[in-house]
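An overview of the molecular structure
One-letter residues, chain by chain:
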Amino acid sequence: MGPLTRGIILEERLMRNMQVGVRVARQVRTAEHAIDQAMIEVCRLIQTSLEGRVESRLAAEVGQSAIENIVAGLGQLATVRASVVAGHADLAIVAEDHGIGWRMDGMGESKTTPLAAAPADVIKLAA
């Protein structure tokens, strides 16, 4: 196989890796946005439920267990969100380690400066 053929094969592999990387990056962003939207909707549900109780002039104890369950679900969504964010960081490392392009065109999202390997319990607490 000549140098030109090897160069073409390498370029094709790089293009395929870039396509895969961009597809994964788009799906990560879609998943992150979906989780955020789910959390927003649950917060709206909590707010609407509380407003409904007040408007209906019901005692605070009415629906308390329902509110507790919904708030617990919100906490679980926060845990899922933290896991997806951690997975996002892990995927970026995999992409870098394997030379997979993943940066997308268009408007990006602002990111915080990564902290030096914070312990998992600190990350979970922050979520």
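What this report covers is the structure whose coordinates are included nearby. (Residues numbered from 1 in each chain as written. Predicted model: local features only at pLDDT ≥ 70, side-chain atom pairs only at ≥ 80, totals over all residues. Heavy atoms only, no water.)

Things to note about the nonpolar core
One finds Ile35, Met39, Val42, Ile46, Leu74, Leu77 and Ala78 forming the largest nonpolar core, which totals seven residues. Breaking this core down by element, the ones donating at least two residues are helix H1 (3–55) and helix H2 (64–97). Counting residues per element, this core draws most heavily on H1, at four residues. Here valine 42 is in contact with Ile70, Leu74 and Leu77, once residues within four sequence places are set aside. (Core = buried A, V, L, I, M, F, W, Y, C linked by side-chain atoms within 4.5 Å. Buried < 20%, exposed > 50% of the residue type's maximum accessible area, 1.4 Å probe, protein only. Helix = DSSP H or I, 4+ residues; strand = E, 2+ residues; numbered from the N terminus. Contact = heavy atoms within 4.5 Å.)

Quick notes on the pattern of salt bridges
Two side chains carrying opposite charge are able to pair once their charged atoms lie near each other. Going through the model one piece at a time under the given rule, you end up with two salt bridges. One salt bridge in this structure joins arginine 81 and aspartate 36, with 2.5 Å as the shortest N-O distance. Here arginine 81, found in helix H2, pairs with aspartate 36, found in helix H1; they are 45 residues apart in sequence, far enough to count as distant. Where arginine 44 meets glutamate 41, a salt bridge forms, and the shortest distance between an N and an O atom there is 2.9 Å. Here arginine 44 pairs with glutamate 41, and both are found in helix H1, just three residues apart, close to one helical turn. Using a relative accessible area of 37% as the deciding quantity, one classes glutamate 41 as partly exposed. (Salt bridge = Lys/Arg side-chain N within 4 Å of Asp/Glu carboxyl O.)

Looking at unusual backbone geometry
Of note, arginine 57 is a non-glycine position whose phi angle comes to about 60°, a positive value. Looking at the element boundaries, arginine 57 is found in the loop between H1 and H2. Arginine 57 sits in the exposed class, given a relative accessible area of 78%.

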